[in-house]
Amino acid sequence: MKNRVMIIGGVQAGKSTLMNTLLGKESSANKTQALVYEDWIVDTPGEYIENPMYYRNIMATSLEVTHVIYLQDATSSRSVFPPQFSLGIPKIQIGVITKIDAPDADVERATGLLKNVMTQGPIVKTSSWKKLGVEWIAPLIQLHTHEEIQQFVKDCDSPYLMYCSQ
Ligand SMILES: Nc1nc2c(ncn2[C@@H]2O[C@H](COP(=O)(O)OP(=O)(O)OP(=O)(O)O)[C@@H](O)[C@H]2O)c(=O)[nH]1
Ligand SMILES: [Mg+2]
């Protein structure tokens, strides 16, 4: 299977903006109404994770990808994911925190929320607007084992990239 990542996260959390940034598109994102497949990314509507009725769409789509991004908005005090949600999806997990540029961003809080969702994996702190941290995401989608990813995070030694294990 070609390396491909599905992005899941809350409504207005910054998924589509992140996808555009990763694909080098300058256009601003509109509300996502359905699954969007573009190159190595699958973008999902925030409703898919906010409404359990749509969980099966997420599960079905996960069969088509190698990696899943669990996305947490740094300006939001709540997580849209059920605890340990990633346990149900046997794919390489990547945590991404968005909007770290925002005045009301709380990166520590977002990190804590993601740790409740992911069992282990990298967490990337990003701002699509300011182009911070986003450069680490594409290389992570090329890696397939926890060991490789852990080593990569260590070698990068970036303030925007950390590894969480529990
Ligand atoms: N401050 C800040 N705002 C951002 C950033 N990225 C996205 N936003 C804003 O967040 C809002 C939602 O962005 P989208 O990318 O459409 O969010 P989404 O997760 O795709 O939303 P749905 O498609 O509704 O699920 C927009 O107003 C964006 O401009 C960022 O890096 N920093
Ligand atoms: Mg969207």
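Further up the page is the structure itself.
Residues numbered from 1 in each chain as written. Chains lettered and ligands numbered in written order. Predicted model: local features only at pLDDT ≥ 70, side-chain atom pairs only at ≥ 80, totals over all residues. Heavy atoms only, no water.

### Description of the nonpolar core
And then number 1: Core analysis: the biggest nonpolar cluster contains 26 residues, and L18, I69, V124, I137, L140 and L161 have the highest contact counts within it.
And then number 2: Of all the secondary-structure elements, those providing two or more residues to this core are strand 1 (5-9), helix 1 (15-22), strand 4 (67-73), strand 5 (92-98), helix 5 (137-140), helix 6 (146-156) and strand 7 (161-165).
And then number 3: At four residues, helix 6 tops the list of elements feeding residues into this core.
And then number 4: In contact with I69, not counting residues within four places along its chain, are V5, M6, I7, I8, I94, V96 and I137. (Core = buried A, V, L, I, M, F, W, Y, C linked by side-chain atoms within 4.5 Å. Buried < 20%, exposed > 50% of the residue type's maximum accessible area, 1.4 Å probe, protein only. Helix = DSSP H or I, 4+ residues; strand = E, 2+ residues; numbered from the N terminus. Contact = heavy atoms within 4.5 Å.)

### Considering helix 3 (residues 55-62)
For an α-helix, the turn length of 3.6 residues means that residues three or four places apart are oriented alike.
And then number 1: All of the buried residues along helix 3 are I58, T61 and S62. All buried residues of helix 3 fall inside an arc of 105° around its axis, so they share one side. (Arc of directions from axis to C-beta.)

### Points about the packing of aromatic side chains
And then number 1: One pass over the full model with this rule turns up five aromatic pairs.
And then number 2: Summarising the aromatic geometry, the rings of W136 and F152 are spaced 6.2 Å apart at their centres and angled 75° between planes, so their arrangement reads as edge-to-face. You can see W136 sitting in the loop between strand 6 (120-125) and helix 5 and its partner F152 sitting in helix 6, a full 16 residues away along the chain.
And then number 3: Take F152: its relative accessible area is 19%, and that puts it in the buried class. (Phe/Tyr/Trp six-rings, centres within 6.5 Å; stacked < 30°, edge-to-face > 60°.)

### Quick notes on the coordination of the magnesium ion (ligand 2)
And then number 1: Looking at the magnesium ion (ligand 2), the protein donor atoms are S16 (OG) and T32 (OG1), and they sit 2.0 Å from it. Within this pair, whereas S16 is found in helix 1, its partner T32 is found in the loop between helix 1 and strand 2 (36-38), the two being separated by 16 residues in sequence. T32 shares its class with S16; the two are buried. (Donors = N, O, S within 2.8 Å, 3.2 Å for Na, K, Ca; no water.)

This is a description of form; function is not addressed.
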